[in-house]
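Descriptive analysis of the structure
Each chain, letter by letter, is given below.
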Amino acid sequence: MTTHPMLTACIGAVILLAFATLTWKKRRGALADALATKNVLEPSEAIVKEHAPELTLGRKQLTITLSDGGVDDSKWLEERDFFIDQIVEPQVGNISNSLERLLAVWEMIDHATAQFAASRTTELPVPPAATGDRTDAPAATTVVARAA
């Protein structure tokens, strides 16, 4: 009878040790991923800041305001992805293979080109008055496109 509790204790200790090892490996893996992300995102931010004027200009040139007031930014989004693939990733690596990192770099680029969104306000031409001076006609209509 005395060997039975001893055997149970040994099996319990092995299970506890296996669980602790698995938990430690998961935490170590998560810390390694977090460190890798930090090591990629910090230099990425510096590169984006360095290229912010060119990115902003590209965003202005490649984003089109449609006649209905909508925004077509598909060409800009292609250019943004090209910038990541050709400029950022060769210098820091491993951005496109992690959704978390890719989203973070997209956000960096959006933040760096944020002044672009403020410049998207356009004024439409004033409609000609039929006769005389109309007080009910608006002076100008402002259309604000949604930020990309």
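Located above this text is the structure these notes cover.
Before going into details, it helps to say that this report is about the structure given with it. (Residues numbered from 1 in each chain as written. Predicted model: local features only at pLDDT ≥ 70, side-chain atom pairs only at ≥ 80, totals over all residues. Heavy atoms only, no water.)

1. Concerning the overall build of the chain
We count it as follows: Helix and strand assignments come from DSSP, with helices taken as H or I runs of at least 4 residues and strands as E runs of at least 2, each series counted from the N terminus. Think of it in three bands: residues with accessible area under 20% of the maximum for their type are buried, residues over 50% are exposed, and the middle band is partly exposed, with areas taken using a 1.4 Å probe on protein chains only. Contact definition: two residues touch when any of their heavy atoms are within 4.5 Å. Method for areas: the Shrake-Rupley scheme with a 1.4 Å probe, in which residue coverage is limited to the protein chains shown.
Counting its regular elements, the chain contains five helices and four strands. Sequence-ordered secondary structure for the chain, helices as α and strands as β, is α-α-β-β-α-α-α-β-β. Of all 148 residues assigned to the chain, the portion counted as buried reaches 22%. If you take every contact in the chain between residues at least 6 apart in sequence, the share linking residues at least 24 apart comes to 59%. Entry remark: accessible area of the chain is about 10600 Å², with carbon and sulfur atoms responsible for 61%.

2. A short note on the nonpolar core
Heads up, the rule is: We define the nonpolar core as a collection of buried residues of types Ala, Val, Leu, Ile, Met, Phe, Trp, Tyr and Cys that are connected through side-chain atoms lying within 4.5 Å of one another.
Val48, Phe83, Ile95 and Ile109 are the most contacted members of the largest nonpolar core, which totals 17 residues. When contributions to this core are tallied by element, the ones reaching two or more residues are α1 (3-50), α2 (52-62), α3 (74-92) and α4 (99-112). Excluding anything up to four places from it in sequence, Ile95 contacts Val40, Ser44, Ile84, Val88, Glu89, Arg101, Leu102 and Val105.

3. Thoughts on α3
For clarity, the threshold we go by: Here the expected length of a helix is defined as 1.5 Å per residue gap, with one fewer gap than residues. Here the bend at each residue means the angle between axes fitted to two seven-residue stretches, the one ending at that residue and the one beginning there.
Between its first and last C-alpha, α3 extends 26 Å over 19 residues, near the 27 Å set by a 1.5 Å rise per residue. Its maximal kink placed at Ile84, α3 deviates by approximately 35°. Trp76, Arg80, Phe83, Ile84, Val88 and Val92 are the residues of α3 that are buried. Trailing α3 by a residue or two, Gly93 shows a phi angle of about 70°, which is positive.

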